[in-house]
Structure formats: structure tokens, C-alpha cells
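# Survey of secondary and tertiary structure
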Amino acid sequence: MYKRSEYKTIKLRLEEPRKFIQVLVGPRQIGKSTVVKQVLKDIAIPYLFYSADNVPASNRAWVSDCWEASRSLLKNKGYDCLVLVIDEIQKIANWSEVVKKEWDGDTFNERNIKVLLLGSSRVLLEKGLSESLAGRFEEIRMAHWSYSEMKNAFGISLDQYMYYGAYPGAISLIDDDDRFRNYIQSAIIDSTINKDILMDSPVGKPALLRQTFELGAAYSGELLSLNKMLGSLQDAGNTSTLLSYLNLLNDSGLVCGLHKFSIDMARRKASIPKLQVYNNALKLVYYNTSFDKAIVDRRMWGRIFESAVGAYLINQAFKYRYDVFYWRERNLEVDFVLRRGDAIVAVEVKSNAEKDTRGLQEFRNRFHPQNAFIVGDGGISAEDFMSMDINALF
């Protein structure tokens, strides 16, 4: 079975002396539980694996029960060490307070129980970690599958990756568009919205949240003002509500709104968002065109192409902790701007023979980026770009 790069990181941290709680975070259906089970199978340390997915949110005692079972096994079997894994930990209300109490109890009593927590709601996990567990944890970020991973694991082509996206559980269904779309809708979209957002966050208008996602996915790779979005939605309320829903969708690894690059923070936050899915399969759900027809439709494929490049960049940004923007002034634009600290990288996407690079040149003149280049026709091939180490650009 294919092992993602996080396998090595998790294995190394579980095999080293007990130091921190390990927290693996990432969106649904990307293989978090699978990679953890691969590690547990390959290490010579006993373990217990629990999932909070179907545990009542108010049952805080359940977390303590998992810990007591681990302590009992450690003592009765005479183990030197044991690994406790809890999946979907964010489902339990005030989980971080219980984890802090149990972890500190083990530390005080010198119990060698190593802890690995998993979760698919980034915002709820990070809130709990920052409030109660500061200094006690390390976060391992796991993003959607890259092109290189999908190619090596399943043998798909670049065009298939751009069109069908990167959910490993859906790859066996790409020859049946209806089954593929149904899987993405039920296993990804419905599960994330219903279980990871609506059950865990205060949402006054659930129907509007879903409409916001649908609009964001359909227009991925394009600029769309919040006011125009309001005009397209029913019972839309105001732009603040819409922005808060975009933030929830972003925290759940579905879709985000990229800000315009600006030195001025206020102007950046007030900019028209560029909508972007985290996985192009989410965009495909709202297309009625087959793969064979889409690939010969230059205009449609251009949108799919740019959205796929954007999805790759924001996933790498989540994993390696840098920011992604776009830049536009009048008729000049740069599709994506990456920033880490003071280092800036400009990326222009060209899916056809268009040679207009005035936007990229103007950006160079104004902001002096560390790197600036084209992906696609007239520049780096999409295959090479999606296979490169983005960290090396900074």
C-alpha cells in the first residue's frame, strides 16, 4: 500500500522518547487514519486506537475512559510504552481540557503513554490546542494528495488529476461519472458540511452555507465579489455572514477566498476574493461535461487548469505554512502570489498560447519577488511545476 510522506514523520515521532502530544490535522477522506494505521502496524510499540466520530459531543468522560484503558493495559501487560490514538477528537466538547488533565497526570506519574490525536476540523482543533495545550503538542499537517502522489499510487495522468482531483477513494470510479459525482457529494461534501461544520460551529443559515460552497466550487479560480455572490444566493443576509461562511469552508479544507496581495493589510482584507477549491473534484461536481469533452473545450479547460494549479498551491501552503494571494491592478494581474515572511513568489498560469505577461512584469517592477515565472504554455510545464518542491522557491 502506498505510504505518504507523513508516514515517516509520524513513525519517527512515535518511536522517539515521549515529549509532546502529536496532532495530525487535515480534511476528510485524504487518508489520515490510513497512514496512522500503517505506522502502528510497522512499529514495535503496543497501541490502542479509538474514534470519537459517533460519540455524543457532551460525553467528555469518554476521553478519560480511553486513557484509563491505556493505563490499565500498560500496567497489566507490563509494557514499557504504549501509544494511545484518538481519531476525530474535536467531536468531543471541551476535549482539550480533558486531554490536558490526562496528559499532565501521565507526566507527573511517569507513565510512558504516547498520544496521537487526529481531526478533520482544523479550526476546532487549533482552538483547543491554543487554549489548553500550549507547549504540550506538535502539529503535523496533512493536505490533499499531490499530483506526484496520485501518479505514483494510482497511475493517473496529469489531465486526469486536474479534472478528477485528488481523493484516493474516488479514483476507482472515474470511469463512471455519475458514481464519481455521487461519491464526492455524499462522502466529501455532505459529510464535511453536516458533520464537521454544522455540528461543531454556530451557523444561522445552513442552506446559505451550502449555497456559498456550491458557488465557491463552481467559480473556483475566478474573482467574484461578495456583493455579486449575495445577488446569486437566496436569503443571503450580508457580506459579513458570507465571509464567515467562507472562513468555515476554508477551515474544513473545501474552498477558500484568496485575498488580493497588498502591502496594506486593510486593503488586502477588503479586496474581492478569488475563489479556490482545495481539491478539483469539488469543482467537477458542478460540471455536466465529461472528461473527453472538457479537455477539448479550450475555455473550460483553462478554468480547470488554473483551478488545479491553485488547489496545489493552497494545499502546499497549508502543509508548509505560507500565504497565497492574487494580484490585480486595472487590466494587469498575476494569478497567484506566494509569501513566506519577506520572501515573495509570483506565479502566472497560462493554459493556452496567450503570451501577454505584462502583469507579471509589472509585479516584478513593483514588488521585486524572489521568483516569478509562468506555469503552462511559455513557461514551466504543469507536470514539472506540480512535481517540484515549493519550499525551494523561497
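Summarised in this report is the structure supplied together with it. (Residues numbered from 1 in each chain as written. Predicted model: local features only at pLDDT ≥ 70, side-chain atom pairs only at ≥ 80, totals over all residues. Heavy atoms only, no water.)

With that out of the way, let us pick up unusual backbone geometry. For asparagine 94, which is not glycine, the phi torsion reads 55 degrees and is therefore positive. Mapping asparagine 94 onto the fold places it in the loop between strand 3 (82-87) and helix 4 (95-108). Phi at arginine 321 takes a positive value of approximately 65 degrees, unusual for a residue other than glycine. Looking at where arginine 321 falls in the secondary structure, it is placed in the loop between helix 15 (298-320) and strand 8 (323-329). What makes arginine 321 partly exposed here is its relative accessible area of 47%. (Helix = DSSP H or I, 4+ residues; strand = E, 2+ residues; numbered from the N terminus. Buried < 20%, exposed > 50% of the residue type's maximum accessible area, 1.4 Å probe, protein only.)

As a further point, take the pattern of salt bridges. Enumeration over the complete set of coordinates arrives at 26 salt bridges. With its nearest N and O atoms 2.9 Å apart, the salt bridge here joins lysine 3 to aspartate 42. Of this pair, lysine 3 sits in the segment before helix 1 (6-15) while aspartate 42 sits in helix 2 (residues 32-42); the two residues are 39 residues apart in sequence, bridging distant segments of the chain. What emerges from the salt-bridge pattern is a single network uniting Glu68, Arg71, Lys101, Glu102, Asp106 and Arg111. (Salt bridge = Lys/Arg side-chain N within 4 Å of Asp/Glu carboxyl O.)

Judged by how many residues are buried, strand 4 (residues 113-119) sits mostly within the fold: 7 of 7 residues are covered. Burial along strand 4 is two-sided: Ile113, Val115, Leu117 and Gly119 and Lys114, Leu116 and Leu118, pointing in opposite directions, are all buried. One ladder, built from 5 bridges, connects strand 3 with strand 4; its direction is parallel. For valine 83, the partnering residue across the bridge sits in strand 4 and is lysine 114. Each parallel crossover has a hand, and for strand 3 linked through helix 4 to strand 4 it is right-handed. (Pairing = 2+ DSSP bridges. Right-handed = clockwise from strand over helix to strand, strands pointing away.)

Attention now moves to the nonpolar core. Soluble globular proteins: nonpolar side chains tend toward being buried together. Counting residues in hydrophobic clusters, the biggest one holds 98 residues, and the most contacted among them are Ile184, Phe385 and Met386. The residues contacting isoleucine 184, other than those within four sequence positions of it, are Tyr167, Ala170, Ile189, Ala281, Leu282 and Val285. By size, the runner-up hydrophobic cluster in this structure holds 28 residues, among which are Leu82, Ile89, Trp103 and Leu133. (Core = buried A, V, L, I, M, F, W, Y, C linked by side-chain atoms within 4.5 Å. Contact = heavy atoms within 4.5 Å.)

Strand order in this open sheet of 5 strands is 2-3-4-1-5, and the pairing throughout is parallel. The open sheet is flanked by strand 2 (47-51) and strand 5 (137-141), the only strands paired with a single partner. Strand-to-strand twist of the sheet, defined as the mean angle between neighbouring strand axes without regard to direction, takes the value 15 degrees. Both strand 1 (residues 21-25) and strand 5 contribute to a ladder of 5 bridges, which runs parallel. Bridging from a neighbouring strand, valine 25 pairs with arginine 141 of strand 5. (Axes fitted to C-alpha atoms, helices over the stretch in contact; angles between N-to-C directions.)

Attention now goes to the environment of tyrosine 183. Position of tyrosine 183 relative to the elements: it lies in helix 8 (residues 177-198). When the C-alpha positions of tyrosine 183 and glycine 216 are compared, they lie 19 Å apart, and in sequence the two are 33 residues distant. Leave out the neighbours within four places in its chain, and tyrosine 183 touches Gln29, Gly169, Ala170, Leu173 and Ile188.

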